[in-house]
Amino acid sequence: MGLAKALLLCSSIACLTFAATETTSWPPYSPTSAPIFQLSDDSQFAFYLEEMLGMASYGGSSTGEILRIATQIIPQDFESFYTACYYMAEQVFAIAESVDAKKDPVSAREAYFRAASYYRGADFFLHGNQSDPRLISLWDQQLTAFDRANALLVIPGERFSVKAHSEEIGDYESIGIFFAAYPDNSARPTILVSGGYDSSQEEGYHSQCRQILSRGVNCVTYEGPGHPTVRRQQNIGFISDWWTVATPIVDYLSTRSDVDMSKLALAGMSFGGCLAPIAASHDDRYSAVIAIDGMFSLQQALEEQFPPKSIALFNSSNVAGFNEVMNDIQANSTYPTEIRWIIGYGLWAFDTLSPFDWFTRLGEISMNATLVANISMPVFVAKAQDDIGTEQEPEIAYEMLTTGRPNGKALTYYHQFNTSLGAGEHCSLGAESQVWQVTMDWLSGVWGDWTYANN
Ligand SMILES: *[C@@H]1O[C@H](CO)[C@@H](O)[C@H](O)[C@H]1NC(C)=O
Ligand SMILES: *[C@@H]1O[C@H](CO)[C@@H](O)[C@H](O)[C@H]1NC(C)=O
Ligand SMILES: *[C@@H]1O[C@H](CO)[C@@H](O)[C@H](O)[C@H]1NC(C)=O
Ligand SMILES: *[C@@H]1O[C@H](CO)[C@@H](O)[C@H](O)[C@H]1NC(C)=O
Ligand SMILES: *[C@@H]1O[C@H](CO)[C@@H](O)[C@H](O)[C@H]1NC(C)=O
Ligand SMILES: *[C@@H]1O[C@H](CO)[C@@H](O)[C@H](O)[C@H]1NC(C)=O
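Residues numbered from 1 in each chain as written. Chains lettered and ligands numbered in written order. Predicted model: local features only at pLDDT ≥ 70, side-chain atom pairs only at ≥ 80, totals over all residues. Heavy atoms only, no water.

Looking up the protein in an unreviewed UniProt entry gives the name Peptidase S9 prolyl oligopeptidase catalytic domain-containing protein, with the organism given as Cladonia borealis.

Pasting the structure below:
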């Protein structure tokens, strides 16, 4: 879910220079009023460290290990982020391998899960160079570590893939992991969840599924084109007909006896808060949609934060001019990490070398009046109070969903998570307990006052 949280949050000299000459400036970092306490002077590194730290509550990291990684990271130095995470990943993976998993499966499982997270961390800032072989090798390492951990769960998740077809790219496969709440085959409520611009199924297991499973609800993670594993294994970037990703998975779920199809919800994190409503506009089998956070259009949010001169080039279809500006920013370490990362990662995730192509296609993945009019089920729209990176997207999504569809006001629920309770960062990172308490309470109502298990 690590969409850049605040592209131009100015905590460094370079950022201030950038802001002064090119675009809007934000208030400087002040620990007493910031949504998170920064573990790095580089606000984007701090954001991703918080994302990893948040997983500690759900077995995806350990606080001591993350705090140690933080000590080794140099602001704006992407290689230092790789080196610090990779060192920890290798050490923790070695611990996992050294454990006799027959004697102590818990120690092995926990270390494999953490190692997987740190391999992902090592990868996160390397995408500016699409030919970097580490993009593949690190991902293989994270998948290996995660799968070894998964095999040691009391109820291991089941990986699956289903055939899919998009008007844009033709045939491909959607992939998922089914995490059953119980080993029996009784039909249970089920939540299907995806990340957004950059997060993976493996991260989703910790940050969403653990909360969902603990209440006796099945959790199914999935990925489509542009998502980390599909992008690597099938060489395909994001597409706008996102329902072609999710609907074949729902077809598959409907064949399973352990899924109660009358209680199937679709959740999306970060940019997934845009993808989930798009999918639901073409499939009325979901009883509810959960957008954490609400997002109408990511392109719209970025337009507000990129240098106005660059957006003017884009608006006037100056392909060469826009590409030059974006490529220069991406390659220049004096610019803020947020903006460099979102361009570099985006080019990779959209499987393109052209910033103009990336930004154009990003704009095509958006909620719109036609889609919204066809979303028939209740929608939960979350807002994190001080998520500067997504601008007013949750408010815009809420407005569309209330006014743009039949009975919209009754069917749309809005909740703001606040900074005063540590939940004001993008996707309320680190406050997952608050997010799922409120979300599951709402969902219980949608499901006819459903009573959750204590699993
Ligand atoms: C990208 O990575 C490849 C493979 O490691 C390397 O040969 C190339 O020089 C890198 N490109 C840049 C611009 O750093
Ligand atoms: C809304 O989005 C869908 C899916 O991307 C697209 O097919 C359709 O043309 C869009 N409609 C409008 C009015 O933009
Ligand atoms: C509206 O949703 C239904 C099912 O939920 C789907 O079959 C149909 O194609 C959708 N129509 C439009 C215009 O998106
Ligand atoms: C670019 O176009 C968008 C959408 O038409 C508009 O909202 C925005 O103000 C324009 N920005 C600039 C800098 O021209
Ligand atoms: C990087 O950007 C700075 C402005 O932030 C500029 O002064 C410098 O010349 C740029 N470096 C390169 C190599 O383009
Ligand atoms: C969040 O803060 C707003 C005021 O800024 C307040 O109206 C709202 O009730 C708070 N929400 C929660 C869940 O505390």
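That was the structure; now back to the text.
A. Representation of the overall build of the protein within the structure. When its secondary structure is counted, the protein shows 19 helices and 8 strands. A compact globule built from 455 residues should have a C-alpha radius of gyration of about 23 Å, and the protein, at 21 Å, falls within 12% of that. When its C-alpha atoms are laid out on the principal axes, the protein stretches across 60 × 60 × 45 Å. Across the 455 residues that make up the protein, the buried fraction comes to 61%. (Helix = DSSP H or I, 4+ residues; strand = E, 2+ residues; numbered from the N terminus. Rg over C-alpha atoms; globule rule 2.2 N^0.38 Å. Buried < 20%, exposed > 50% of the residue type's maximum accessible area, 1.4 Å probe, protein only.)

B. Structural view of the site of ligand 4. Close to ligand 4 lie Glu-303, Pro-308, Ile-311, Ala-312 and Asn-315. When isolated, ligand 4 has an accessible area of 360 Å², and the protein chains bury 36% of it. Top contributing element to the shell around ligand 4 by residue count: helix H12 (residues 308-315), with 4 residues. Class assignment for the residues of the shell around ligand 4 results in 3 nonpolar, 1 polar and 1 charged. (Near = heavy atom within 4 Å. Areas by Shrake-Rupley, 256 points an atom, 1.4 Å probe, with all protein chains shown as cover. Nonpolar A, V, L, I, M, F, W, Y, C, P; charged D, E, K, R; others polar.)

C. Fine view of the pairing of strand S5 (residues 259-269). Burial within S5 is extensive, with 9 of its 11 residues counted as buried. Note: strand S3 (residues 188-194) against S5, 6 bridges, orientation parallel. Among the inter-strand pairings, Ser-194 is bridged to a residue of S5, identified as Gly-268. The sheet contact formed by S5 and strand S6 (residues 288-292) spans 5 bridges and is parallel. Each bridged residue has a counterpart across the sheet, and for Ala-267 the counterpart in S6 is Ile-290. Crossover connection from S5 via helix H10 (residues 272-280) to parallel S6: handedness right-handed. (Pairing = 2+ DSSP bridges. Right-handed = clockwise from strand over helix to strand, strands pointing away.)

D. Representation of helix H6 (residues 134-151) within the structure. End to end, H6 covers 25 Å across 18 residues, agreeing with the expected 26 Å (1.5 Å per residue, within 8%). Every buried residue belonging to H6 is among Arg-134, Leu-135, Leu-138, Trp-139, Gln-142, Leu-143, Ala-145, Phe-146, Ala-149 and Asn-150, and all of these are buried. (Expected span 1.5 Å × (residues − 1).)

E. The arrangement of empty space enclosed by the protein in detail. Throughout the structure, instances matching the rule amount to 4 cavities of 30 Å³ or more. The space that makes up the largest cavity amounts to roughly 90 Å³. Taken together, 13 residues form the lining of the largest cavity, with Tyr-48, Arg-120, Phe-124, Trp-139 and Asp-198 sitting closest to its centre. Of all the secondary structure elements, the ones that give two or more residues to the lining of the largest cavity are helix H2 (43-54), helix H5 (105-123) and helix H8 (228-234). Of the residues belonging to the lining of the largest cavity, the class tally is 5 nonpolar, 2 polar and 6 charged. (1 Å grid on protein atoms, 1.4 Å probe; cavity = no way out; pocket = protein on both sides within 12 Å on 5 of 7 lines; lining within 4 Å. Points joined across faces, edges and corners; volume = space filled by probe spheres on them.)

F. Examining the sheet that holds strand S1 (residues 158-166) more closely. The strand order across the open sheet built from 8 strands is S1-S2-S4-S3-S5-S6-S7-S8, with neighbouring strands paired in mixed fashion. Only two strands of the sheet have a single partner each, and these edge strands are S1 and strand S8 (412-417). Strand-to-strand twist across the sheet, computed as the mean angle between neighbouring axes with direction ignored, equals 20°. The sheet strands contacting helix H9 (residues 243-253) are S1, strand S2 (170-179), S3, strand S4 (218-223) and S5, and the helix crosses S1 at an angle near 130°. (Axes fitted to C-alpha atoms, helices over the stretch in contact; angles between N-to-C directions. Contact = heavy atoms within 4.5 Å.)

G. Just the site of ligand 5, in detail. The full set of residues close to ligand 5 is Asn-332, Thr-334 and Tyr-335. One of the side-chain N or O atoms of Asn-332 is found 2.3 Å from an oxygen atom in ligand 5. Residue Thr-334 places a side-chain N or O atom 3.0 Å away from an oxygen atom belonging to ligand 5. Relative to its free-state accessible area of 360 Å², ligand 5 is covered by the protein chains to the extent of 31%. (Polar contact = N/O pair within 3.5 Å; in protein donor to acceptor, adjacent residues only side chain to side chain.)

H. Structural view of the UniProt feature "domain: Peptidase S9 prolyl oligopeptidase catalytic" (unreviewed entry) in the protein. According to UniProt, the positions carrying the feature "domain: Peptidase S9 prolyl oligopeptidase catalytic" (unreviewed entry) are residues 249-302. Secondary structure content for residues 249-302 is 35% helix and 30% strand, while the C-alpha to C-alpha distance between its ends is 30 Å. (UniProt positions renumbered as here; feature names shortened; annotations may be inferred.)

I. Focus on the state of the cysteines. One pass over the full model with this rule turns up 1 disulfide. Between the sulfur atoms of Cys-209 and its disulfide partner Cys-219 the distance amounts to 2.1 Å. Looking along the S-S bond of the Cys-209-Cys-219 disulfide, the torsion reads about -60°, which is the left-handed sense. Here Cys-209 is found in helix H7 (residues 201-213), whereas its partner Cys-219 is found in strand S4, with 10 residues between them in sequence. Classification of Cys-209 by relative accessible area gives buried; the value is 0%. (Disulfide = S-S within 2.5 Å.)

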